[in-house]
Amino acid sequence: MPEIYLPQKIVFEKNALTRFSSGNAEKILIVCDSEILLNRGTVELIKNRCLQRSSDVQTVFDINPEALYSKASEAFFSNEADLIIAVGTAGAIDCGMLLSHESGAEFTAIPCCCASSMTDFENNDYYSYRHSPSTLILDPKLIEYIPSSAVAYDALAALAYAIDTLVITENIITKSLAIHAATGIFKSIIPACRGDIPSLEKLMYSMYFAVASHRNSKEIEKSYLSRVSRFFADFGYPRASVCALILPNIIEYEENTIRNGLFEIAQAVGITRDDDDPSFATIRLIDEIRKIQAQLGVPRAVSGFNLTEAAYHSRRIHSDIPDDILDLCYYGSFRFMKL
């Protein structure tokens, strides 16, 4: 039976943090990986609001996801917290999600940008622990603090999650959510990265819609986006950054499967007409993504991350992913649209 899981509570709009409550939790663990939020007092604000109801509140900080998880796990299991609050980048959200999965404790997510980076922790891959938080706080004030380069990669990664959803799900609600998310990201990403405040707010919501649609899709570990991003992440690159980079190449490879969904997005964005051929609309959409990448300084291929051919080929020969899609993502596409 088709089904979809979402947070029990979503608190949103500017200053949503001022409406945050830790409920009846007696022991609370806050995990954070963002120096910006730490230095701006956001973590202290959250802690103070927790202290209004609980006297046992711990905070763990580290910018490295594995180190953050190690510290957070030690702190959690030594004190058995009732509530985990993850605040910061998608890496912190993934860390809190994993701890919640392992312990059964409630989990509150407070992302400053995207809410997932498909983090594979040691002995815990993303697909084994992914689930929705009990409470989600979407406060657009937080994304205003984030550098535009980080917003660019997060937004393109979220766009990749939305389009990947179209590849792997037949659930009409999940697909509709993904199309809505992709359309919102397309419309807001450039002005948002240029500092337009209303666009940043719209982008933050659209990114969450993308994450929610992808998180509710079954067997995402089998998609080419998931498999290829993990392949290149094994070289030390964040999976979300790889997703942001390889998106147009994945679409080019999968276009026959998702042509109708891409056509709907292209129509909503306004880059194609109703009477255009869907194949032409797909090419236009791919071209538009590459233009966005160029404007935001995102490379066209993984080779742009300075991964050497020798290193790439030494691992490629042991992979069960088709060579043609790996080459497409490593070298980039030579197909250019005729205007």
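Keep in mind it's a predicted model, so treat the numbers as computed, not measured. (Residues numbered from 1 in each chain as written. Predicted model: local features only at pLDDT ≥ 70, side-chain atom pairs only at ≥ 80, totals over all residues. Heavy atoms only, no water.)

1. A closer look at the sheet that holds strand 1 (residues 9-12)
Then step 1. Spatial ordering of the open sheet is given by 1-6-5-4-2-3, a layout of six strands whose pairing is parallel. The open sheet has two edge strands, strand 1 and strand 3 (56-61), and neither has a second partner. Going across the sheet, the axis of each strand differs from the next one's by a mean of 15 degrees, ignoring polarity.
Then step 2. Against the sheet, helix 3 (residues 65-79) makes contact with strand 2 (27-32), strand 3 and strand 4 (83-88), and its axis sits at roughly 160 degrees relative to strand 3, the strand it touches most. (Pairing = 2+ DSSP bridges. Helix = DSSP H or I, 4+ residues; strand = E, 2+ residues; numbered from the N terminus. Axes fitted to C-alpha atoms, helices over the stretch in contact; angles between N-to-C directions. Contact = heavy atoms within 4.5 Å.)

2. Some details on the layout of surface pockets
Then step 1. Each pocket or cavity is described by its volume, and for the largest pocket that value is around 850 Å³.
Then step 2. Every residue lining the largest pocket is counted, 30 residues in all, and those nearest its centre are Pro65, Thr89, Gly91, Ser117 and Pro238.
Then step 3. Among the elements of the structure, helix 1 (35-39), helix 3, helix 4 (90-103), helix 7 (148-168), helix 10 (224-233) and helix 11 (239-269) are those that each provide at least two residues to the lining of the largest pocket.
Then step 4. In terms of residue class, the lining of the largest pocket is made up of 14 nonpolar, eight polar and eight charged.
Then step 5. One number sums up the size of the second largest pocket: a volume of about 260 Å³.
Then step 6. In terms of lining, the second largest pocket is formed by 16 residues, of which the most central are Lys9, Ser21, Ser22, Gly23 and Thr135.
Then step 7. When contributions to the lining of the second largest pocket are tallied by element, the ones reaching two or more residues are strand 1, strand 5 (106-111) and strand 6 (135-138).
Then step 8. Residues that form the lining of the second largest pocket fall into these classes: five nonpolar, eight polar and three charged. (1 Å grid on protein atoms, 1.4 Å probe; cavity = no way out; pocket = protein on both sides within 12 Å on 5 of 7 lines; lining within 4 Å. Points joined across faces, edges and corners; volume = space filled by probe spheres on them. Nonpolar A, V, L, I, M, F, W, Y, C, P; charged D, E, K, R; others polar.)

3. Here we look at the packing of helix 7 against helix 11
Then step 1. Where helix 7 meets helix 11, the axes come as close as 8 Å, and the angle between the chain directions of the two elements is 35 degrees. In the crossing of helix 7 with helix 11, the sense of the turn from one axis to the other is left-handed. Every residue of helix 11 that contacts helix 7 at Tyr153, Leu156, Ala157, Leu159, Ala160, Tyr161, Ile163, Leu166 and Val167 is listed here: Ala240, Ser241, Cys243, Ala244, Leu247, Ile251, Glu254, Thr257, Ile258, Gly261, Leu262 and Ile265.
Then step 2. Tallied by class, residues from the contact of helix 7 with helix 11 come to 17 nonpolar, three polar and one charged. (Left-handed = near helix turned anticlockwise from the far one by under 90°.)

4. Concerning empty space enclosed by the protein
Then step 1. What the rule picks out here adds up to one cavity of 30 Å³ or more.
Then step 2. Considering only enclosed or pocket space, the largest cavity measures out at about 40 Å³ in volume.
Then step 3. Lining the largest cavity are Ala160, Ile163, Asp164, Val167, Leu225, Leu247 and Ile250.
Then step 4. Looking at the lining of the largest cavity, the elements with two or more residues in it are helix 7 and helix 11.
Then step 5. Tallying contributions element by element places helix 7 first for the lining of the largest cavity, with four residues.

5. Comments concerning the side chain of Arg316
Then step 1. Locating Arg316 in the fold gives a position in helix 13 (residues 309-316).
Then step 2. In this structure Arg316 comes out as buried when scored by relative accessible area, which is 14%.
Then step 3. In this structure Arg316 touches Phe231, Asp323, Leu326 and Asp327, once residues within four positions along its chain are discounted. (Buried < 20%, exposed > 50% of the residue type's maximum accessible area, 1.4 Å probe, protein only.)

6. Quick notes on unusual backbone geometry
Then step 1. One non-glycine residue, Asn15, adopts positive backbone phi at about 65 degrees.
Then step 2. Tracing the backbone shows Asn15 in the loop between strand 1 and strand 2.
Then step 3. The exposure class of Asn15 is partly exposed, given its relative accessible area of 44%.
Then step 4. Backbone geometry places Glu80, a non-glycine residue, at a positive phi of 50 degrees.
Then step 5. Assignment of secondary structure puts Glu80 in the loop between helix 3 and strand 4.

7. Here's the deal with the pairing of strand 2
Remark: a regular strand shows side chains that alternate across the two faces of the sheet.
Then step 1. Among the six residues that make up strand 2, five are buried, leaving the element largely enclosed by the rest of the structure.
Then step 2. Here six bridges tie strand 2 to strand 3, and the two strands are oriented parallel to one another. What sits directly across from Leu29, in strand 3, is Gln58.
Then step 3. Relative to strand 4, strand 2 runs parallel, the two being bridged by five bridges. When the bridges of strand 4 are listed, Ile30 appears paired with Ile85.

8. Topic: helix 9 (residues 197-215)
Helical periodicity: at 3.6 residues per turn, an α-helix aligns residues three or four positions apart in one direction.
Then step 1. If you check helix 9, its first and last C-alpha atoms are 27 Å apart, about what 19 residues at 1.5 Å a residue would give, namely 27 Å.
Then step 2. Most of helix 9 is tucked away: 14 of the 19 residues are buried. (Expected span 1.5 Å × (residues − 1).)

9. What about the packing of helix 7 against helix 9?
Then step 1. Across the interface, helix 7 lies against helix 9 with an axial gap of 8 Å and an inter-helix angle of 35 degrees. You can see that helix 7 and helix 9 cross each other, and the crossing is left-handed. Taking contact as the criterion, the partners of Val151, Asp154, Ala155, Ala158, Tyr161, Ala162, Asp164, Thr165 and Ile168 in helix 7 are, on helix 9, Leu200, Leu203, Met207, Ala210, Val211, Ser213 and His214.
Then step 2. Split into classes, the residues belonging to the contact of helix 7 with helix 9 amount to 11 nonpolar, three polar and two charged.

10. Focus on the pattern of salt bridges
Pairing between side chains becomes possible if they bear opposite charge and their charged atoms approach one another.
Then step 1. Evaluated as defined, the whole model comprises 13 salt bridges.
Then step 2. With a closest N to O distance of 3.0 Å, Asp120 and Arg239 form a salt bridge. One end of the pair, Asp120, is in the loop between strand 5 and helix 5 (126-129); the other, Arg239, is in helix 11, with 119 residues separating them in the sequence.
Then step 3. As a salt-bridge pair, Asp323 and Arg316 come within 3.9 Å of each other at their nearest N and O atoms.
Then step 4. Residue classification places Asp323 among the partly exposed positions, given a relative accessible area of 39%.
Then step 5. Via salt bridges that share partners, Lys14, Lys141 and Glu144 belong to a single interconnected network. (Salt bridge = Lys/Arg side-chain N within 4 Å of Asp/Glu carboxyl O.)

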